[in-house]
Amino acid sequence: MSASELTGGCQCGAVRFRVGRVGRGSICHCRMCQKAFGAFYAPLISAFEVTWTRGAPTYFQSSNKVQRGFCAACGTPLTYEVIGRHTSEETEIAIGAFDDPERVAPTIQVNPNDKLSFTDQLPTLPTRAVDAAQAAFNESVVSYQHPDHDTVAWPPEERHG
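The structure contained in this document is the topic of the report that follows. None of these values were measured; they are calculated from a predicted model. All residue numbers here refer to positions counted from 1 along the written sequence of the relevant chain. Local features in this predicted model are restricted to residues whose pLDDT is 70 or higher, and side-chain atom pairs enter the listing and the counts only when it is 80 or higher, whereas totals over whole chains, interfaces and linings include all residues. Think of the side-chain values as coming from all heavy atoms in the structure, minus any hydrogens and water.

## Structural notes on the overall build of the protein
- We count a stretch as a helix when DSSP gives it H or I for four or more residues in a row; a strand needs E for two or more, and each element gets its number in order from the N terminus. In terms of helices and strands, the protein carries two helices and nine strands.
- Tracing the protein from N to C terminus, the helices and strands come up as β-β-α-β-β-β-β-β-β-β-α.
- Seen through its principal axes, the protein has C-alpha atoms that stretch 50 × 45 × 30 Å.
- Here the protein, with 161 residues, has 32% of them falling under the buried criterion.
- Note that accessible areas follow from Shrake-Rupley with a 1.4 Å probe, and for residues the cover is restricted to the protein chains shown. As displayed, the protein offers around 9900 Å² of accessible surface, 54% of which is attributable to carbon and sulfur atoms. Whether a residue is buried, partly exposed or exposed follows from its accessible area with a 1.4 Å probe, protein chains only, as a fraction of its type maximum: under 20%, in between, or over 50%, in that order.

Here's what the structure looks like:
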């Protein structure tokens, strides 16, 4: 798939990227991915021609074969990389780190033997309605998260809150 301006980055904006094209999107259920993402699974997509346009990831070598990139400032998980493979060849990038994750949806699940037993039932969980108190709280939140597009500089000079 052609990337046509597929960009993304971490939550705080210290690390930003652009990719030339993307391949297969997946949900990985392995225990290492669960720990790395602090989640039930890791949504990743194969990315090619990755350019770090602001900052660069910090790496943790999670096994003898793999290193994982993350933002050192805010902790956002960014990459899964096979050690020894040049990033222009292929880098797995966290789907949630893209500015428009809808464009890079997963198409396959991998490592099903490590899948947590309750994940298939998640869509059946009840949804909590937003009451007046929750709506008021939501309206009062001022996000310091980097916006879902490239910026010349970040963070802004002034923050109120």
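## Quick notes on the pairing of strand β3 (residues 42-48)
- With six of seven residues buried, β3 is to be regarded as a mostly interior element.
- Note: strand β2 (residues 16-28) against β3, six bridges, orientation antiparallel. Looking at the pairing, G25 lines up with I45 of β3.
- DSSP bridges decide pairing: two strands pair if at least two such bridges lie between them. By the bridge criterion, four bridges tie β3 to strand β8 (residues 91-94) in an arrangement that is antiparallel. Each residue of the ladder has a partner; that of I45, found in β8, is I93.

## Observations concerning the nonpolar core
- Judged by nonpolar contacts, the single largest core of 17 residues is most densely connected at V19, V22, I93, F98 and V104.
- The greatest single-element share of this core, amounting to three residues, is contributed by β2.
- Only buried Ala, Val, Leu, Ile, Met, Phe, Trp, Tyr and Cys residues count toward a nonpolar core, and they belong to the same one when joined by side-chain atoms within 4.5 Å. Formed by five residues, the second largest nonpolar core is a distinct cluster that contains C28, C33, A42 and L44.

## Thoughts on unusual backbone geometry
- Unlike most non-glycine residues, E49 shows phi in positive territory, near 55°.
- Tracing the sequence through the fold places E49 in the loop between β3 and β4 (51-54).
- A positive phi angle, close to 55°, is found at N111, a residue other than glycine.

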